[in-house]
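# Structural characterization, general
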Amino acid sequence: MLSIKGGRKRLVTGVVSTVTAGLALGAFALSGTADGATKTTGAAATARHARPTIVLEHGAFADGSSWNGAIDDLRADGYPVVAAANPLRGPASDAAALRTVLDHIKGPKILVGHSYGGNVISQAATDDPDVKALVYVAAFLPAPGEDALELTDKFPGSTLPDALDPVTYQQADGSTATDLYIQQAKFHHQFAADVPARQAALMATEQRPIAQSALEEKATTAAWKTKPSWDIITTRDLNIPPAVQRFMAERAHAHTTEVAASHSVAVSHPHLVADVIERAAHATVH
(Lines give C-alpha, C1' and ligand atoms only; values in the text may rest on other atoms or scores of the structure.)
Protein backbone atom coordinates (compact mmCIF):
# COMPACT_ATOMS: atom_id res chain seq x y z
CA MET A 1 0.00 0.00 0.00
CA LEU A 2 1.16 3.52 -0.73
CA SER A 3 1.02 6.29 1.85
CA ILE A 4 0.06 9.68 0.46
CA LYS A 5 2.20 12.37 2.09
CA GLY A 6 2.30 14.99 -0.61
CA GLY A 7 0.27 15.54 -3.75
CA ARG A 8 -2.27 18.31 -3.85
CA LYS A 9 -1.63 20.49 -0.85
CA ARG A 10 -5.17 20.26 0.43
CA LEU A 11 -4.93 16.47 0.86
CA VAL A 12 -4.83 15.36 4.48
CA THR A 13 -1.62 13.51 5.36
CA GLY A 14 -1.75 10.03 6.79
CA VAL A 15 -4.27 8.76 4.25
CA VAL A 16 -3.51 5.34 2.84
CA SER A 17 -4.36 4.83 -0.81
CA THR A 18 -4.58 1.46 -2.49
CA VAL A 19 -5.32 1.23 -6.20
CA THR A 20 -6.89 -2.09 -7.17
CA ALA A 21 -7.81 -2.87 -10.65
CA GLY A 22 -30.02 21.68 -4.11
CA LEU A 23 -27.21 23.34 -2.65
CA ALA A 24 -25.02 22.17 -5.44
CA LEU A 25 -25.05 25.15 -7.80
CA GLY A 26 -28.65 26.02 -7.07
CA ALA A 27 -29.74 25.64 -10.70
CA PHE A 28 -29.45 22.95 -13.32
CA ALA A 29 -28.40 25.59 -15.82
CA LEU A 30 -24.92 25.23 -14.37
CA SER A 31 -24.82 21.46 -14.75
CA GLY A 32 -22.58 21.03 -17.76
CA THR A 33 -24.47 23.16 -20.27
CA ALA A 34 -23.50 26.58 -21.50
CA ASP A 35 -27.00 28.04 -21.68
CA GLY A 36 -28.89 29.63 -18.84
CA ALA A 37 -25.80 30.13 -16.70
CA THR A 38 -23.56 33.10 -16.13
CA LYS A 39 -21.43 33.26 -19.27
CA THR A 40 -17.67 33.08 -19.39
CA THR A 41 -15.70 33.55 -22.57
CA GLY A 42 -12.65 32.22 -24.30
CA ALA A 43 -10.45 29.48 -22.88
CA ALA A 44 -12.02 29.71 -19.43
CA ALA A 45 -15.48 28.93 -20.79
CA THR A 46 -14.19 26.06 -22.89
CA ALA A 47 -12.33 24.52 -19.96
CA ARG A 48 -15.27 24.87 -17.58
CA HIS A 49 -17.86 23.33 -19.87
CA ALA A 50 -15.54 20.52 -20.93
CA ARG A 51 -15.62 19.16 -17.40
CA PRO A 52 -18.15 16.50 -16.44
CA THR A 53 -20.95 17.34 -14.06
CA ILE A 54 -20.46 15.85 -10.61
CA VAL A 55 -23.74 14.45 -9.26
CA LEU A 56 -23.72 13.78 -5.51
CA GLU A 57 -26.20 11.42 -3.83
CA HIS A 58 -26.34 11.49 -0.04
CA GLY A 59 -27.27 8.51 2.09
CA ALA A 60 -29.42 7.79 5.11
CA PHE A 61 -29.39 10.06 8.18
CA ALA A 62 -27.93 12.89 6.09
CA ASP A 63 -28.88 15.40 3.42
CA GLY A 64 -27.24 17.35 0.59
CA SER A 65 -25.43 19.67 2.99
CA SER A 66 -23.13 16.79 3.95
CA TRP A 67 -21.31 17.46 0.65
CA ASN A 68 -20.73 21.19 1.32
CA GLY A 69 -16.96 21.01 1.79
CA ALA A 70 -16.42 18.83 -1.27
CA ILE A 71 -18.73 21.05 -3.33
CA ASP A 72 -16.61 24.09 -2.48
CA ASP A 73 -13.47 22.34 -3.73
CA LEU A 74 -15.08 20.94 -6.87
CA ARG A 75 -16.57 24.28 -7.85
CA ALA A 76 -13.26 26.04 -7.21
CA ASP A 77 -11.67 23.59 -9.65
CA GLY A 78 -14.26 24.36 -12.32
CA TYR A 79 -16.63 21.40 -12.00
CA PRO A 80 -20.39 21.84 -12.34
CA VAL A 81 -22.00 20.15 -9.34
CA VAL A 82 -25.51 18.98 -8.45
CA ALA A 83 -26.29 17.55 -5.00
CA ALA A 84 -29.46 15.56 -5.58
CA ALA A 85 -32.12 15.08 -2.91
CA ASN A 86 -32.42 11.39 -2.04
CA PRO A 87 -35.98 10.41 -0.98
CA LEU A 88 -34.58 7.42 1.04
CA ARG A 89 -37.66 5.29 0.28
CA GLY A 90 -36.11 2.37 -1.61
CA PRO A 91 -33.36 1.71 -4.20
CA ALA A 92 -35.72 1.34 -7.17
CA SER A 93 -37.82 4.45 -6.53
CA ASP A 94 -34.83 6.49 -5.38
CA ALA A 95 -32.90 5.51 -8.51
CA ALA A 96 -35.88 6.57 -10.63
CA ALA A 97 -35.86 9.94 -8.87
CA LEU A 98 -32.13 10.32 -9.48
CA ARG A 99 -32.56 9.44 -13.15
CA THR A 100 -34.92 12.40 -13.58
CA VAL A 101 -32.02 14.57 -12.42
CA LEU A 102 -29.53 12.82 -14.70
CA ASP A 103 -31.83 13.15 -17.70
CA HIS A 104 -31.93 16.90 -17.15
CA ILE A 105 -28.14 17.24 -17.20
CA LYS A 106 -26.43 17.31 -20.58
CA GLY A 107 -23.02 15.82 -21.23
CA PRO A 108 -20.76 13.49 -19.26
CA LYS A 109 -21.39 12.89 -15.57
CA ILE A 110 -19.60 11.38 -12.59
CA LEU A 111 -21.96 9.84 -10.00
CA VAL A 112 -20.97 9.90 -6.35
CA GLY A 113 -22.85 8.03 -3.62
CA HIS A 114 -22.41 8.04 0.14
CA SER A 115 -23.56 5.07 2.22
CA TYR A 116 -27.03 3.96 1.01
CA GLY A 117 -26.53 6.43 -1.85
CA GLY A 118 -24.22 3.78 -3.29
CA ASN A 119 -27.22 1.49 -3.77
CA VAL A 120 -28.97 4.28 -5.61
CA ILE A 121 -26.18 5.28 -8.00
CA SER A 122 -25.48 1.62 -8.79
CA GLN A 123 -29.00 1.31 -10.13
CA ALA A 124 -29.50 4.79 -11.59
CA ALA A 125 -26.33 4.65 -13.70
CA THR A 126 -27.14 1.34 -15.37
CA ASP A 127 -27.28 1.67 -19.17
CA ASP A 128 -26.59 5.42 -19.04
CA PRO A 129 -23.68 6.09 -21.42
CA ASP A 130 -23.24 9.64 -20.11
CA VAL A 131 -22.24 8.34 -16.66
CA LYS A 132 -18.52 7.87 -17.07
CA ALA A 133 -17.53 6.79 -13.56
CA LEU A 134 -18.92 5.91 -10.16
CA VAL A 135 -17.44 7.09 -6.88
CA TYR A 136 -18.48 5.31 -3.69
CA VAL A 137 -17.89 7.09 -0.39
CA ALA A 138 -18.19 4.77 2.64
CA ALA A 139 -20.93 3.22 0.54
CA PHE A 140 -22.75 0.08 -0.47
CA LEU A 141 -21.94 -1.58 -3.80
CA PRO A 142 -24.63 -4.25 -3.88
CA ALA A 143 -24.80 -6.99 -6.46
CA PRO A 144 -28.20 -7.94 -7.89
CA GLY A 145 -30.15 -9.79 -5.24
CA GLU A 146 -28.36 -8.18 -2.29
CA ASP A 147 -29.67 -5.56 0.12
CA ALA A 148 -28.01 -3.09 2.46
CA LEU A 149 -28.97 -4.94 5.62
CA GLU A 150 -27.47 -8.28 4.62
CA LEU A 151 -24.29 -6.60 3.38
CA THR A 152 -23.90 -4.72 6.67
CA ASP A 153 -24.12 -8.02 8.54
CA LYS A 154 -21.74 -9.89 6.24
CA PHE A 155 -18.83 -9.11 8.59
CA PRO A 156 -18.95 -7.97 12.22
CA GLY A 157 -18.35 -4.41 13.32
CA SER A 158 -21.54 -2.40 12.82
CA THR A 159 -23.05 -0.90 15.97
CA LEU A 160 -25.83 0.85 14.07
CA PRO A 161 -28.75 -1.39 15.19
CA ASP A 162 -28.34 -0.36 18.84
CA ALA A 163 -28.21 3.33 17.88
CA LEU A 164 -31.39 3.41 15.81
CA ASP A 165 -34.62 5.15 16.73
CA PRO A 166 -37.48 3.51 14.76
CA VAL A 167 -40.65 5.49 14.16
CA THR A 168 -43.70 3.56 12.94
CA TYR A 169 -46.54 5.44 11.27
CA GLN A 170 -49.73 4.78 9.34
CA GLN A 171 -49.72 5.33 5.59
CA ALA A 172 -52.57 6.70 3.50
CA ASP A 173 -53.75 3.20 2.57
CA GLY A 174 -54.00 2.19 6.22
CA SER A 175 -50.86 0.05 6.27
CA THR A 176 -47.96 0.81 8.58
CA ALA A 177 -44.36 1.62 7.75
CA THR A 178 -41.24 2.36 9.78
CA ASP A 179 -38.71 5.15 9.36
CA LEU A 180 -35.29 4.84 10.95
CA TYR A 181 -33.40 7.66 12.63
CA ILE A 182 -30.20 7.55 14.68
CA GLN A 183 -30.80 8.52 18.29
CA GLN A 184 -29.55 12.07 18.65
CA ALA A 185 -27.59 11.28 21.82
CA LYS A 186 -25.70 8.53 19.94
CA PHE A 187 -25.32 10.27 16.59
CA HIS A 188 -21.88 11.80 17.18
CA HIS A 189 -20.22 8.55 18.22
CA GLN A 190 -22.11 6.34 15.76
CA PHE A 191 -22.10 8.41 12.59
CA ALA A 192 -19.63 11.27 12.83
CA ALA A 193 -17.05 10.62 15.54
CA ASP A 194 -14.36 12.69 13.79
CA VAL A 195 -16.64 15.69 13.23
CA PRO A 196 -16.62 18.48 15.86
CA ALA A 197 -19.29 17.85 18.49
CA ARG A 198 -21.21 21.04 17.78
CA GLN A 199 -21.40 20.28 14.06
CA ALA A 200 -22.36 16.67 14.73
CA ALA A 201 -25.19 17.88 16.99
CA LEU A 202 -26.55 19.96 14.12
CA MET A 203 -26.29 16.99 11.78
CA ALA A 204 -28.17 14.84 14.28
CA THR A 205 -30.94 17.42 14.50
CA GLU A 206 -31.20 17.77 10.73
CA GLN A 207 -30.88 14.08 9.79
CA ARG A 208 -33.32 12.61 7.30
CA PRO A 209 -34.76 9.18 8.06
CA ILE A 210 -34.63 6.18 5.78
CA ALA A 211 -37.48 3.75 5.32
CA GLN A 212 -36.62 0.47 7.01
CA SER A 213 -37.91 -1.30 3.91
CA ALA A 214 -35.28 0.51 1.81
CA LEU A 215 -32.52 -1.35 3.65
CA GLU A 216 -34.25 -4.66 2.92
CA GLU A 217 -34.99 -4.05 -0.77
CA LYS A 218 -32.89 -6.15 -3.14
CA ALA A 219 -30.73 -4.55 -5.80
CA THR A 220 -31.73 -5.41 -9.36
CA THR A 221 -28.77 -4.00 -11.30
CA ALA A 222 -25.14 -3.07 -10.59
CA ALA A 223 -23.61 -0.37 -12.78
CA TRP A 224 -20.18 -1.00 -11.22
CA LYS A 225 -20.02 -4.19 -13.26
CA THR A 226 -19.64 -2.17 -16.47
CA LYS A 227 -18.38 1.26 -15.36
CA PRO A 228 -15.06 2.20 -13.74
CA SER A 229 -15.41 2.74 -10.01
CA TRP A 230 -13.56 4.51 -7.22
CA ASP A 231 -14.17 3.76 -3.55
CA ILE A 232 -13.29 5.59 -0.34
CA ILE A 233 -13.12 3.05 2.49
CA THR A 234 -13.50 4.39 6.02
CA THR A 235 -11.55 2.28 8.51
CA ARG A 236 -13.23 3.72 11.64
CA ASP A 237 -16.74 3.26 10.31
CA LEU A 238 -19.36 2.01 12.77
CA ASN A 239 -22.17 1.86 10.20
CA ILE A 240 -20.67 -0.19 7.36
CA PRO A 241 -17.74 -2.26 8.71
CA PRO A 242 -14.44 -1.73 6.88
CA ALA A 243 -14.30 -5.45 6.05
CA VAL A 244 -17.64 -5.15 4.26
CA GLN A 245 -16.45 -2.08 2.36
CA ARG A 246 -13.27 -3.85 1.27
CA PHE A 247 -15.21 -6.93 0.15
CA MET A 248 -17.48 -4.85 -2.07
CA ALA A 249 -14.65 -2.72 -3.47
CA GLU A 250 -12.51 -5.73 -4.36
CA ARG A 251 -15.45 -7.43 -6.02
CA ALA A 252 -16.07 -4.31 -8.13
CA HIS A 253 -12.36 -3.95 -9.00
CA ALA A 254 -12.62 -0.39 -7.71
CA HIS A 255 -9.73 2.01 -7.28
CA THR A 256 -9.69 2.31 -3.51
CA THR A 257 -8.52 4.88 -1.00
CA GLU A 258 -8.53 4.02 2.69
CA VAL A 259 -8.77 6.70 5.36
CA ALA A 260 -9.01 6.52 9.15
CA ALA A 261 -12.39 8.24 9.26
CA SER A 262 -15.93 7.81 10.51
CA HIS A 263 -18.90 7.06 8.30
CA SER A 264 -19.33 10.81 7.80
CA VAL A 265 -16.10 11.13 5.82
CA ALA A 266 -17.49 13.69 3.37
CA VAL A 267 -17.88 16.07 6.32
CA SER A 268 -14.66 15.24 8.17
CA HIS A 269 -12.43 14.86 5.07
CA PRO A 270 -14.07 16.91 2.29
CA HIS A 271 -10.79 17.68 0.50
CA LEU A 272 -9.93 14.01 0.23
CA VAL A 273 -13.40 13.23 -1.10
CA ALA A 274 -13.14 15.99 -3.71
CA ASP A 275 -9.69 14.78 -4.78
CA VAL A 276 -10.89 11.22 -5.34
CA ILE A 277 -13.86 12.49 -7.36
CA GLU A 278 -11.56 14.60 -9.51
CA ARG A 279 -9.24 11.63 -9.96
CA ALA A 280 -12.16 9.66 -11.35
CA ALA A 281 -13.10 12.52 -13.66
CA HIS A 282 -9.55 12.92 -14.97
CA ALA A 283 -9.26 9.20 -15.66
CA THR A 284 -12.52 8.78 -17.55
CA VAL A 285 -13.46 12.06 -19.27
CA HIS A 286 -11.16 13.44 -21.92
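In this report, the structure presented in the accompanying data block is examined. Small disclaimer: the values here were computed from a predicted structure and weren't measured.

Let's shift gears to the layout of surface pockets. Of the volumes computed, that of the largest pocket is approximately 300 Å³. For the largest pocket, the lining is made up of 21 residues, of which Leu 149, Thr 152, Leu 160, Leu 164 and Leu 215 are closest to its centre. Those elements that place two or more of their residues in the lining of the largest pocket are α5 (148–152), α6 (160–163) and α9 (212–216). Per-class residue counts for the lining of the largest pocket are 13 nonpolar, 6 polar and 2 charged. In this structure, the second largest pocket occupies an estimated 210 Å³ of space. Lining the second largest pocket are 16 residues, and of these Ser 65, Ser 66, Gln 199, Met 203 and Val 267 sit closest to its centre. Every element with two or more residues in the lining of the second largest pocket is listed here: α2 (68–76), α8 (197–206) and α11 (265–268). Residues belonging to the lining of the second largest pocket are distributed by class as follows: 7 nonpolar, 7 polar and 2 charged.

Our next topic: the pattern of salt bridges. This model, assessed by the stated rule, comprises 6 salt bridges. For Arg 246, the salt bridge is made with Glu 258, and the minimal N-O distance between the two is 2.7 Å. In this pair, Arg 246 is assigned in helix α10 (residues 242–251) and Glu 258 in strand β11 (residues 255–259), connecting sequence segments 12 residues apart.

Moving on, we get to helix α7 (residues 184–191). Within the sequence span of α7, burial applies to Phe 187, Gln 190 and Phe 191. End-on view of α7: buried residues confined to an arc of 90 degrees, all on one side of the axis. Exposed and facing more than 90 degrees away from the buried side of α7 are Ala 185 and His 189. Buried positions along α7 lie against β5 (109–114), α6, β8 (176–182) and α8.

Analysis parameters
- Residues numbered from 1 in each chain as written.
- Predicted model: local features only at pLDDT ≥ 70, side-chain atom pairs only at ≥ 80, totals over all residues.
- Heavy atoms only, no water.
- 1 Å grid on protein atoms, 1.4 Å probe; cavity = no way out; pocket = protein on both sides within 12 Å on 5 of 7 lines; lining within 4 Å.
- Points joined across faces, edges and corners; volume = space filled by probe spheres on them.
- Helix = DSSP H or I, 4+ residues; strand = E, 2+ residues; numbered from the N terminus.
- Nonpolar A, V, L, I, M, F, W, Y, C, P; charged D, E, K, R; others polar.
- Salt bridge = Lys/Arg side-chain N within 4 Å of Asp/Glu carboxyl O.
- Buried < 20%, exposed > 50% of the residue type's maximum accessible area, 1.4 Å probe, protein only.
- Arc of directions from axis to C-beta.
- Contact = heavy atoms within 4.5 Å.

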